[in-house]
2 protein chains.
Amino acid sequence: MESRINRIKKQLHSRKYKLTPQREATVRVLLENEEDHLSAEDVYLLVKDKAPEIGLATVYRTLELLSELKVVDKINFGDGVSRYDLRQEGAAHFHHHLVCIECGAVDEIQEDLLGDVEKVVERNWHFKIKDHRLTFHGICHRCVNKHTGVEQKEQHISR
Amino acid sequence: MESRINRIKKQLHSRKYKLTPQREATVRVLLENEEDHLSAEDVYLLVKDKAPEIGLATVYRTLELLSELKVVDKINFGDGVSRYDLRQEGAAHFHHHLVCIECGAVDEIQEDLLGDVEKVVERNWHFKIKDHRLTFHGICHRCVNKHTGVEQKEQHISR
DNA sequence: TGTCAAATTAGAATAATTATAATTTAAAAT
DNA sequence: ATTTTAAATTATAATTATTCTAATTTGACA
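Here we summarise the structure given alongside this text. (Residues numbered from 1 in each chain as written. Chains lettered and ligands numbered in written order. Predicted model: local features only at pLDDT ≥ 70, side-chain atom pairs only at ≥ 80, totals over all residues. Heavy atoms only, no water.)

A look at the packing of helix H3 (residues 40-50) of chain A against helix H4 (residues 56-68) of chain A
All names here are of chain A.
- As a packed pair, H3 and H4 sit with axes 9 Å apart at the nearest point and diverge in direction by 115 degrees. Crossing hand, H3 versus H4: right-handed. Of H4, the residues touching H3 (which contributes Ala40, Glu41, Val43 and Tyr44) are Leu56, Val59, Tyr60 and Leu63.
- For the contact of H3 with H4, the per-class residue count stands at seven nonpolar, no polar and one charged. (Axes fitted to C-alpha atoms, helices over the stretch in contact; angles between N-to-C directions. Helix = DSSP H or I, 4+ residues; strand = E, 2+ residues; numbered from the N terminus. Left-handed = near helix turned anticlockwise from the far one by under 90°. Contact = heavy atoms within 4.5 Å. Nonpolar A, V, L, I, M, F, W, Y, C, P; charged D, E, K, R; others polar.)

Structural data, given as structure tokens:
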């Protein structure tokens, strides 16, 4: 964990930014909650434990900065809040997500499944791909198991 | 166009909703701007020409309703606003998008390129897919042509 | 025609995010 | 060590998008 923070520190320095105590506390929260998809508000509340004097605006600014550096990705699952998701170190692309329309769980797929699709898109649409966002909406393995076949037909997306 | 509206009308009726004048005006705006990715505010301003007395809240409610019926899809490209995109009639899945990080253009891919990927996901993650969202970020064919090879390396995402 | 539920309206309220102005911090230069 | 300077932070205000509320209107149908 310390080494990971150090590498992020170097990334910041290489772009002439500093790793201030507030920024460090924010990064630690993200590392400690790598599995989750935290909103800025969520991060703020967690960071307050480490650095009670921090302001919400600073958290927003820090997350924005980390986005720029590709340390986190900003993503929106349609519930009106932006969420911030740590990118695997060195990953060229954002990972994929499985959003359960029943229980709301968000699972991650770290493998890149889009290699072939991207080749097709670049060739046929003459579009130079830099990154991608892929999210599947459906029923997660936990909820599938909870169900009989009949009930599964009645699901639909809602807010 | 009229027949398309009629079919939407039937869809509404089958769920016990009415096609009120406000709803019809909203649907017309969406049909007339099928290529675009309008925000609720955009739709509101356009609908006002047809039905000046309409309220913004009604537009939101109508768009929400059309989402439920899968006539439109609600999508967010990360700029803080939800946008509403007409679904091709009868399409089982949402279409894909190409977002240009340089000029901001959003192009559509109507073909479903995810068939194989979805099979893998359903099998390996035991996830029952109902729908998907796929967006590529990169440089569109128009901007690629504007550029020399060198300049292309300098692009990055910003807000 | 009267009744009733659904839909709409204007405007208030809420929630997320960004901007502002004053203050603090910390590195670099003297 | 002190001064300088730019960057960063804070508290708070402002803005923007979206949803809620209460009162009113509409329209199908008994």
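Here the narrative resumes.
Structural notes on the relation of the copies chain A and chain B
- Here chain A sits on chain B after a turn of 180 degrees about the axis and a move of 0.1 Å along it, with an RMSD of 0.1 Å. Taken together, the turn and the small shift mark the pair as related by a two-fold rotation axis. Minimal C-alpha separation from the rotation axis in chain A is found for A:Leu134, amounting to 2.2 Å.
- The fraction of interface residues of chain A whose copies in chain B are also interface residues reaches 100%, indicating that both copies meet through the same surface. (Least-squares fit on C-alpha atoms with pLDDT ≥ 70 in both.)

Here we look at the interface of chain A and chain B
- Between chain A and chain B, the contact holds 37 residues from the first and 37 residues from the second.
- By the criterion of area lost to chain B, the three top residues of chain A are A:Trp125, A:Phe127 and A:Phe136, representing 21% of everything that side buries.
- Counting across the chain A and chain B interface gives ten residue pairs in polar contact (both at pLDDT 80 or more).
- Among the elements of the structure, strand S2 (72-76), strand S4 (96-100), strand S5 (106-109), helix H5 (115-125), strand S6 (128-139) and helix H6 (141-146) of chain A are those that each provide at least two residues to the side of chain A that touches chain B.
- Of the residues forming the side of chain A that touches chain B, the biggest block, twelve residues, is contributed by S6(A).
- Of the pairings in the sheet, the one linking S6(A) to strand S6 (residues 128-139) of chain B comprises eleven bridges and is antiparallel in character. Bridge assignment links A:Leu134 to a residue of S6(B), and that residue is B:Leu134. (Buried area = accessible area lost by both parts, 1.4 Å probe. Polar contact = N/O pair within 3.5 Å; in protein donor to acceptor, adjacent residues only side chain to side chain. Pairing = 2+ DSSP bridges.)

Brief notes about the environment of A:Glu122
All names here are of chain A.
- The topology assignment puts Glu122 in helix H5.
- Glu122 gets classed as partly exposed once you look at its relative accessible area, which sits at 29%.
- Apart from residues lying up to four places away in sequence, Glu122 is in contact with Phe127, Lys128 and Ile129.
- Within the structure, the side chain of Glu122 is placed 2.7 Å from the backbone nitrogen of Ile129, a separation counted as a polar contact. (Buried < 20%, exposed > 50% of the residue type's maximum accessible area, 1.4 Å probe, protein only.)

Thoughts on the nonpolar core
- Membership of the largest hydrophobic core comes to 30 residues, with the highest contact counts inside it found for A:Val121, A:Phe127, A:Phe136, B:Val121, B:Phe127 and B:Phe136.
- The set of elements that each furnish at least two residues to this core consists of S4, H5 and S6 of chain A together with strand S4 (96-100), helix H5 (115-125) and S6 of chain B.
- Not counting residues within four places of it along the chain, the set of residues in contact with B:Phe127 comprises A:Leu98, A:Val99, A:Cys100, A:Phe136, A:His137, A:Gly138, A:Ile139, A:Cys140, B:Val121 and B:Glu122. (Core = buried A, V, L, I, M, F, W, Y, C linked by side-chain atoms within 4.5 Å.)

Points about the side chain of B:Arg87
Residue and element names in this part refer to chain B.
- Its place among the elements puts Arg87 in the loop between strand S3 (82-86) and S4.
- Judged by its relative accessible area of 6%, Arg87 falls in the buried class.
- Leaving out residues up to four positions away in the same chain, Arg87 has contacts with Arg4, Lys70, Val71, Val72, Asp73, Ala92, His93, Phe94 and Asp131.

Quick word on the sheet that holds strand S2 (residues 72-76) of chain B
Residue and element names in this part refer to chain B.
- If you walk across this open sheet you meet the three strands as S1-S3-S2, and the pairing is antiparallel. The open sheet has two edge strands with one neighbour each: strand S1 (38-39) and S2.
- Where S1 meets S3, two bridges bridge the pair, whose relative direction is antiparallel. The residue of S3 that forms the bridge with Ser39 is Arg83.

Description of the sheet that holds S2(A)
Residues and elements named next belong to chain A.
- Read across the open sheet, the three strands follow the order S1-S3-S2; overall the sheet is antiparallel. Only two strands of the sheet have a single partner each, and these edge strands are strand S1 (38-39) and S2.
- The strands touched by H4 are S2 and strand S3 (82-86); relative to S2, the strand with the most contacts, the crossing angle is about 110 degrees.

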